[in-house]
Each structure stands twice: as structure tokens, then as C-alpha cells.
Amino acid sequence: MKITLPPGKGFDAPVIDDEHERLIIIGANGAGKSRFTARLYDDIGAPAFRMSALEAMYGSSPDSTIGKLFEETYGMTSFRPQASNDIDRLFAMLIHDEMMNLIGYKVALAQNPKAKLQPTKLDTLIEVWKELFPGNNILVESGKFLFSRGEDERSYSAFKLSAGERASIYYLAGVMYAPKNGVVFIDSPEMFLHPSMMQALWNNVEMLRPDCIFVYTTHDLEFASSRTDSKVIWVRDYDAATVTWDYDILPPQEGMSDEIYMAIIGARKPVLFIEGDGVHSIDAKLYPLVFKDYTVKSLGSCNKVIEATRSFNDLNTFHHLDSFGIVDRDRRDEHEVEYLRSRKVMVPEVAEIENILMLEEVIRSVAKSRGKDENKVFEKVKRSIIAQFRHDLRAQALMHTRHRVKRMVEYRIDGRFNNINMLERHIASLADEINPRGIYEGLCRSFRRYVETEDYAGVLKVYNQKSMIPGSNVAALCGLKNKDEYVRCIISLLRTDTYEGNRIRRAVRSCFKIGDKK
């Protein structure tokens, strides 16, 4: 079946020959995907069949697709059942079909003693229901639907089903009433459903009607990912004046992670991928307030950030959005840092995120906001940090050495060797070739210079020490109780447009060599 999509902004409405038997319309909240779906539904006309569990459970409009079928089934007959919503209407229609099937069987039996009772929609519903919810049963008693669980003989009405169970029975029953070779529109298919059963339900719904095309409207990436081999239409924006949409058909998801897909779908600004868990990490609290002109997305590990930034920018011609990543400097040397920056992965001029909170301008801003003498506070913190670094100097040099040796071995072990003897000789020569002691002693000399010259910025650049903030006593010097209060104070200042908030923002951005924009 060929489907003509709604008019696009600046391009002709495309016609798609949907071989995948499903479309997914996805986009951020407010992007216009519901209007897009409504327009597509209206344009398709008679074969279109719309379903929404939210409206079925909490709406009562007889103008719904199921409501209209209910009216066609019963009209103004005297035995018209009471139905307050679409689920009740579906139950009534299932009972009506069951009754009509029995009448047809009796008529057929009178003409042919070998006639057989044909399976009904209710039989199919009960079979699939038991598969989805093992041990659960559907009963029909005096024209009413009852349910039971396991060996418990007590039955209960549909009113006592969970929201997920009611949504499931609505979709399973409702889809059987879709027109032959129709287009079934499903609004928010993930709503009320637990992720563990979502895929199983929709697999069963689609199997019930293999003749139909399914059109899902959602903003849930997990659902979109579960519908493999689908055409995904990304709705970015809606222009009410011209009644057109800015949208595109996404390329196949192969090779693209969920993070990339979500960033493409949800972003209207350039994307910034960062480390951390997105909830508790300092990265997730700090960077959105510093880089306010970006959509910031936490990915966890630095490797995920690097890969996501690369993949996203490879698709630049498609989504027209820019992307950057941020990873901690850790113990990377200048060559590694420059390589990452050339790939749009920003690396700060300090070792890790905690060190950003210890930048001179950050400390001074917090101290001043708390009514302290910023010069005295910073000088005390500076002396404390340099003293800590002097104490840890050899241990830090050794950790840097281990990192560099590891990287060099990874590079050099990757060569081509014709036989095992060549590989063995190469490995045996690596220690002399790499010279770890020479690297270590060179780092020690550099680190001592930082101490001797009191190069505070140089120390922050190489010093990986999670206890730096409490160890420096910076919180108490600023009039705060502990590290958590110190971090909260920085975040609170960044949420304002005050001089101190902008001062911190400029300091952090300068740490990435981005300039002095607010």
C-alpha cells in the first residue's frame, strides 16, 4: 500500500511504499507529531483505524473509531448494552459476535449435520491473553467479562484489572475490528505498559493482523527500538501558518546507538555528550548550566562519549545539528588531547571534573559570594593543593607513566607479524623501546617544576585526586560545611545571571578554550 505523507516544509509530500508494514512517528514533545499523525489519518480515509488506550480508559466519546463501530453494530436496538468507554464497547461487540456465530452455527447445522462451530474473535483473544499472562483466564458469565488468576477460583471484573492489563486487552481486542488491509494508528503505544511486556504485546497485536499497516506515534525511544525493520519518521517542527511540517525519514538504525537516536530525535539545539549518569554526577549538574546553548546528554563512560560524538557528526548532513563531546583529561598526553579535540571531543585544561570546581576563578567567586576575602581564601587553598601534590608527586607520576605505557603498547602491538617468533621478539623489545623509567623520571621533573614554581594551573592539569576538595578545606574557608555544600553553592550561582555566576561560567568555558561567552 502506498501512503502519501503530509506536506513538508520546503519539499513535496513524499509517497512511501511501506514494505515494512509499520511506520513510527517520533519526535520531541511539542514538535507537532500529533498534528502530523492526525493529518495522515485524515488523508488515508476509510482504511484508517485509530486506537488510544488513554482515551479508551478515561474517555467516553462515541466518535472514536471503536465508538462508531459500536453504533453500527447496535444502532438503536432494544437490547443495546450500556457502555461508558471503548473497552466496554469492545466487550459488548465481542459478545455480539459470539452470539451471531452461535446463531450462524445453528442455521448451518440444520442444513448440514457435519457443520462445525467456527472460532471467534473472543476465542482468539482468550488464547493470546493466556499466552501473555500465563495462568490468567477470561470468563464470560451472563454476558459479562470476568477474570481470574492462577488456581484462585474467585473471579473479578475488568474494573479491577491493572492499567497495563486493560490497555493490553483493549489493543488485542480492538485490532481485530480494524478493516481488512487497513492502516492501524496507535497513539502512545508505550503508555501504561511495563517495558518487560511491551515488545511481547505489540508482537502479538501485529501478528493478529498481518494484513494491516501499523502507524505508531510515540516519543519513547525504547518502544521505537523494539519495532525493528520499521520506517521511522522524525517530526522536528510544525508551521501553523503554512500547515507544513519539518520532518524527515530517519536512516536505518544499524550502527547507531540508542543514545544517538534519542539525541537526534529530542534535540533542537547542538548536542553535547558528557560523561556521568545524568542524575547524580557533577558533570550532569554543571555542564547544562555552563553550556546553555547545547542539549546536554549524559552517556556514562568516556568511550561512549567519544563514539557518540563521532557517530552523530557522521550524520551531520542528515540532521543538520552540530555535536561535541566532553571527556575528562585524566592522564592523556598532549597528542591524545589534540586528537580528541580534532574530533570535536572537548578536553579541559584540568585532569577531571572535580578539578574544574577548584579553578582559581571558581574558588574566588564562591568565596566572594559568601562574603569572604577571595584573595586570602584562594592563597590558602593554593598552598594546600600544592602541598598535597608534593606529597603525591611520585604516585601521580607512576600513574601517568602506566597510562602512557599502556597506550604505547596498544599502538605498537597492533602491527603485522609473519610468525610467532617475530611477535615474541617485538614484545621482548618493547620495554627498551618504550623506556617506562625514562617516561617516569621525565614526569617527575615536570611535576617538581609545578611545585617549585607554585604553578597552580599546571597542578590541576595533571593531578587526579578525588579527595582534593575536602583535603584543601575550600568549603570551610568559604564558610560552607562540606564538599556537598560547596558544589551546591557553585550550581546555585550558575543558575543565576549574577556577576559571580557568569564569572564561574566564563572560567569553566575558558578551561575548554571556548572563550568568554555567557
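All of the points below concern the structure found in this document.

Reading guide: rules and limits
- Residues numbered from 1 in each chain as written.
- Predicted model: local features only at pLDDT ≥ 70, side-chain atom pairs only at ≥ 80, totals over all residues.
- Heavy atoms only, no water.
- Patch = residues over 30% accessible without salt bridge, like charges linked within 9 Å, V, L, I, M, F, W, Y side chains within 5 Å.
- Areas by Shrake-Rupley, 256 points an atom, 1.4 Å probe, with all protein chains shown as cover.
- Salt bridge = Lys/Arg side-chain N within 4 Å of Asp/Glu carboxyl O.
- Lys, Arg positive; Asp, Glu negative; His and termini not counted.
- Charge placed at Lys NZ, Arg CZ, Asp CG, Glu CD.
- Helix = DSSP H or I, 4+ residues; strand = E, 2+ residues; numbered from the N terminus.
- Buried < 20%, exposed > 50% of the residue type's maximum accessible area, 1.4 Å probe, protein only.
- Phe/Tyr/Trp six-rings, centres within 6.5 Å; stacked < 30°, edge-to-face > 60°.
- Lys NZ or Arg CZ within 6 Å of the ring centre and 35° of its normal.
- Pairing = 2+ DSSP bridges.
- Contact = heavy atoms within 4.5 Å.
- Axes fitted to C-alpha atoms, helices over the stretch in contact; angles between N-to-C directions.
- Disulfide = S-S within 2.5 Å.
- Expected span 1.5 Å × (residues − 1).

This next bit is on a positive patch on the surface. Together, R394, R445, R448 and R449 make up a region of like positive charge exposed at the surface. Per element, the largest residue contribution to the positive patch is three residues, and it comes from helix α18 (residues 436–452). Residue R448 is classed as partly exposed on the basis of its relative accessible area, which comes to 33%.

With that out of the way, let us pick up helix α15 (residues 360–369). Those residues of α15 that fall on the buried side of the exposure criterion are V362, I363, R364, S365, V366 and A367. Of the residues one or two after α15, G371 is the one with positive phi, at around 80 degrees.

Under the counting rule described, the total for this entry stands at 26 aromatic pairs. Taking 4.5 Å as the distance between ring centres and 40 degrees as the angle between the ring planes, the aromatic pair formed by W129 and F133 counts as tilted. Of the two residues, W129 and F133, neither departs from the other in class, the shared state being buried. Put simply, the rings of F91, W129, F133, F145, F147 and Y156 pair up and form one aromatic cluster. One cation-aromatic arrangement involves R236 over W234; the distance from NZ or CZ to the ring centre is 4.5 Å.

Bringing a nonpolar patch on the surface into the picture now. Taken together, F79, M99, M100, I103 and V107 make up a surface patch of nonpolar side chains, about 470 Å² in accessible area. Following the sequence through the fold, M100 ends up in helix α4 (residues 86–111). The exposure class of M100 is partly exposed, given its relative accessible area of 43%.

Take the sheet that holds strand β5 (residues 136–141) next. Pairing is antiparallel across the open sheet formed by three strands, whose spatial order is β5-β6-β7. The open sheet has two edge strands, β5 and β7 (156–157), and neither has a second partner. As paired strands, β5 and strand β6 (residues 144–149) are joined by six bridges and run antiparallel to one another. The residue bridging I138 from the neighbouring strand is F147, located in β6. On top of the sheet, helix α5 (residues 121–132) reaches β5 and β6; it is set at about 155 degrees to β5, its chief contact.

The next thing to look at is the pairing of strand β12 (residues 271–275). Of all the five residues making up β12, five are buried; the element is thus mostly covered by neighbouring parts of the structure. Covered by surrounding structure in β12 are V271, F273 and E275 together with L272 and I274, the residues of both alternating faces. When β12 meets strand β13 (residues 295–300), the two strands line up parallel, connected through five bridges. Bridge assignment links F273 to a residue of β13, and that residue is K297. Examined bridge by bridge, β12 and strand β14 (residues 323–326) share four bridges and lie parallel to one another.

Glancing now at the state of the cysteines. This model, assessed by the stated rule, comprises zero disulfides. A disulfide-free cysteine, C478 has its sulfur positioned 7.4 Å from the sulfur of C489, the nearest such atom. With no disulfide of its own, C511 has C302 as its nearest cysteine by sulfur position, at a separation of 17 Å.

Taking 1.5 Å per residue as the helical rise, α5 with its twelve residues ought to reach 16 Å, and the 16 Å between its terminal C-alpha atoms agrees with that figure. Restricting attention to buried positions, one finds in α5 the residues L122, L125, I126, V128, W129 and L132. Its buried side turned inward, α5 meets α4, β5, β6, α6 (163–175) and α7 (195–208).

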